[in-house]
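# A structural walkthrough
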Amino acid sequence: MPVTGPRTVTRRAPGKLFVAGEYAVVEPGNQAILVAVDRYITVTVSDGALPGVVVSSDVGAGPVHHSWRDGRLTGAAGSPHVVAAVETVVRLLAERGRSVPPLAVSISSTLHEDGRKFGLGSSGAVTVATVTAVAAHCGLELTVEERFRLALLAAARIDPKGSGGDIATSTWGGWIAYRAPDRDAVLDLARRKGVDEALRAQWPGLSVRRLPPPRNLRLEVGWTGNPVSTTSLVTDLQRRTWWGSSAHRTFVGATGELVHAAVTALEDGDTEGLLRQVRRAREELVRLDDEVRLGIFTPELTALCAIAEHAGGAAKPSGAGGGDCGIALLDAEALYDRSQLRRRWAAAGVLPLPVSPAMEGVEE
Ligand SMILES: Nc1ncnc2c1ncn2[C@@H]1O[C@H](COP(=O)(O)OP(=O)(O)O)[C@@H](O)[C@H]1O
Ligand SMILES: C[C@@](O)(CCOP(=O)(O)OP(=O)(O)O)CC(=O)O
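Residues numbered from 1 in each chain as written. Chains lettered and ligands numbered in written order. Predicted model: local features only at pLDDT ≥ 70, side-chain atom pairs only at ≥ 80, totals over all residues. Heavy atoms only, no water.

The name given to the chain in an unreviewed UniProt entry is Phosphomevalonate kinase, with the source organism recorded as Streptomyces antnestii. For the record of the chain, the UniProt heading Pathway (unreviewed entry) holds the text "Isoprenoid biosynthesis; isopentenyl diphosphate biosynthesis via mevalonate pathway; isopentenyl diphosphate from (R)-mevalonate: step 1/3." (UniProt positions renumbered as here; feature names shortened; annotations may be inferred.)

In structure tokens form, the structure reads like this:
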């Protein structure tokens, strides 16, 4: 049966920042706090002129034509996240006895500048927006969690080490507390039993909870200008003798405690308490970096944190570090000079990014 749905569908998914819990969150069950930001990946899906799928992106070279072979898209490399997202939705359609028409997928990003990513979760956002737009184009009705699960299955095929915190944030939007499932286990389930079955099964470890946004805080974001491969930093960490050592367990224990305390502070509207936990999160990342010499804290990220602290805020890298961006939270009621903070960041090689929390995730 051919699919039916609107002829042209556009969906956009927001980027994200890590507030606390990065690195620890890659292990199933460990909690992190993330917030969506008002920079987006927008995906438009329409009927294609050629059999297969043509993908064009404003950050890629020209359009890339992929053909179907045994449920997989062949052709030039293009964007692996977009390809995996389309394949995963189409596999679900096939399991439900439905065929897919030729597709044209077009992507635009405000998570990049001149083709360079800011490090605001473009891979997660493009995966979520593609899954959602292709599903809507094909008339596939999915719950929010089903769309998250499809996007996580797609992204995990490319990198099972990724926690999926970016995908959850792009899906739900706002401030969230996230715990990852075992990605190898859910991939294995989808391979053995199919995607449809993987949507229905329990995913042990997974939890996503909306958190109330802090009322009296300003979020400042600074970009170092250096794009970083999160996968290579996480892979590097997992190869060190530190991984599995008592220092690793101490890091996970301390991060678990501070994330829990930060969740409580958000739920209680305790601004000072949240700032304290964000500082603890930075200290734990500093300790990790001292122990492992991973390069989380570049000179720019160290300066970003010091300058924001000097202004009375709490600051840290967002995510893997090594470049990309950092965040600062400042008490909106306390007196601080925002333009001075931004000037001092700029003088230290940190570009202030005018972004705000986005309370909506990708629309259905
Ligand atoms: N605008 C886009 N168009 C196509 N693919 C994209 C786009 N943005 C991101 N991607 C995909 O995400 C990958 C980059 O992921 P990553 O380096 O983890 O960036 P980020 O830190 O922003 O998530 C790219 O290789 C590509 O597969
Ligand atoms: C180390 C991490 O916990 C956080 C990485 O966050 P980044 O923001 O650096 O990267 P992307 O999610 O690819 O945008 C790994 C993870 O959770 O996947």
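Read on, since the account is not over.
So, on to the sheet that holds strand 13 (residues 325–331). Reading across the sheet, the four strands line up as 12-13-11-14 and stay open at both edges, with antiparallel pairing between neighbours. Strand pairing shows two members of the sheet lacking a second neighbour, strand 12 (314–317) and strand 14 (351–353), which therefore form its edges. Recorded for the sheet is a direction-independent mean angle of 25 degrees between the axes of neighbouring strands. Looking at chain direction, strand 11 (residues 217–223) and strand 14 are connected through three bridges and run antiparallel. Within the sheet, the bridge partner assigned to Trp223 lies in strand 14 and is Leu351. Helix-sheet contacts for helix 9 (residues 271–292) involve strand 11, strand 12 and strand 13, and the interaxial angle to strand 12 is about 35 degrees. The strands that helix 10 (residues 299–310) touches are strand 11, strand 12 and strand 13; relative to strand 12, the one it contacts most, it runs at about 170 degrees. (Pairing = 2+ DSSP bridges. Helix = DSSP H or I, 4+ residues; strand = E, 2+ residues; numbered from the N terminus. Axes fitted to C-alpha atoms, helices over the stretch in contact; angles between N-to-C directions. Contact = heavy atoms within 4.5 Å.)

Turning next to the domain arrangement of the chain. By domain assignment, the chain separates into domain 1 (8–211) and domain 2 (217–353). One C-alpha centre belongs to domain 1, the other to domain 2, and the line joining them spans 26 Å. Each partner contributes residues to the interface: domain 1 has 27 residues there, and domain 2 has 40 residues. Summing both sides of the interface, domain 1 and domain 2 together bury roughly 2800 Å²; the carbon and sulfur share of this comes to 70%. In this structure, the connection of domain 1 to domain 2 is made through three salt bridges. We note a salt bridge from Asp324 to Lys117, for which the minimum N-O separation is 3.4 Å. For the interface between domain 1 and domain 2, the tally reads 13 residue pairs in polar contact (both at pLDDT 80 or more). Elements represented by at least two residues in the side of domain 1 that touches domain 2 include exactly strand 1 (8–20), strand 2 (31–47), strand 8 (116–117), strand 9 (175–179) and strand 10 (207–211). Classifying every residue of the side of domain 1 that touches domain 2 gives 14 nonpolar, four polar and nine charged. (Domains from an automatic or database assignment. Buried area = accessible area lost by both parts, 1.4 Å probe. Salt bridge = Lys/Arg side-chain N within 4 Å of Asp/Glu carboxyl O. Polar contact = N/O pair within 3.5 Å; in protein donor to acceptor, adjacent residues only side chain to side chain. Nonpolar A, V, L, I, M, F, W, Y, C, P; charged D, E, K, R; others polar.)

Core analysis: the biggest nonpolar cluster contains 93 residues, and Leu17, Ile33, Phe148 and Tyr178 have the highest contact counts within it. Three or more residues apiece are contributed to this core by two domains, here domain 1 (8–211) and domain 2 (217–353). Val26, Trp242, Val252 and Leu285 belong to the second largest nonpolar core, which has 29 residues in total. (Core = buried A, V, L, I, M, F, W, Y, C linked by side-chain atoms within 4.5 Å. Buried < 20%, exposed > 50% of the residue type's maximum accessible area, 1.4 Å probe, protein only.)

Right, let's talk about the site of ligand 2 for a bit. By nearness alone, 15 residues border ligand 2, and Lys16, Tyr23, Ser163, Thr230 and Ala320 come closest of all. At 3.5 Å, a backbone N or O of Gly121 approaches an oxygen atom of ligand 2. Side-chain polar atom of Thr230 to an oxygen atom of ligand 2: 2.9 Å apart, as the coordinates give it. Listed by contribution, the elements that provide at least two residues to the shell around ligand 2 are strand 1 and helix 7 (230–239). Partitioning the shell around ligand 2 into residue classes produces six nonpolar, six polar and three charged. Both domains that furnish three or more residues to the shell around ligand 2 are identified here as domain 1 (8–211) and domain 2 (217–353). (Near = heavy atom within 4 Å.)

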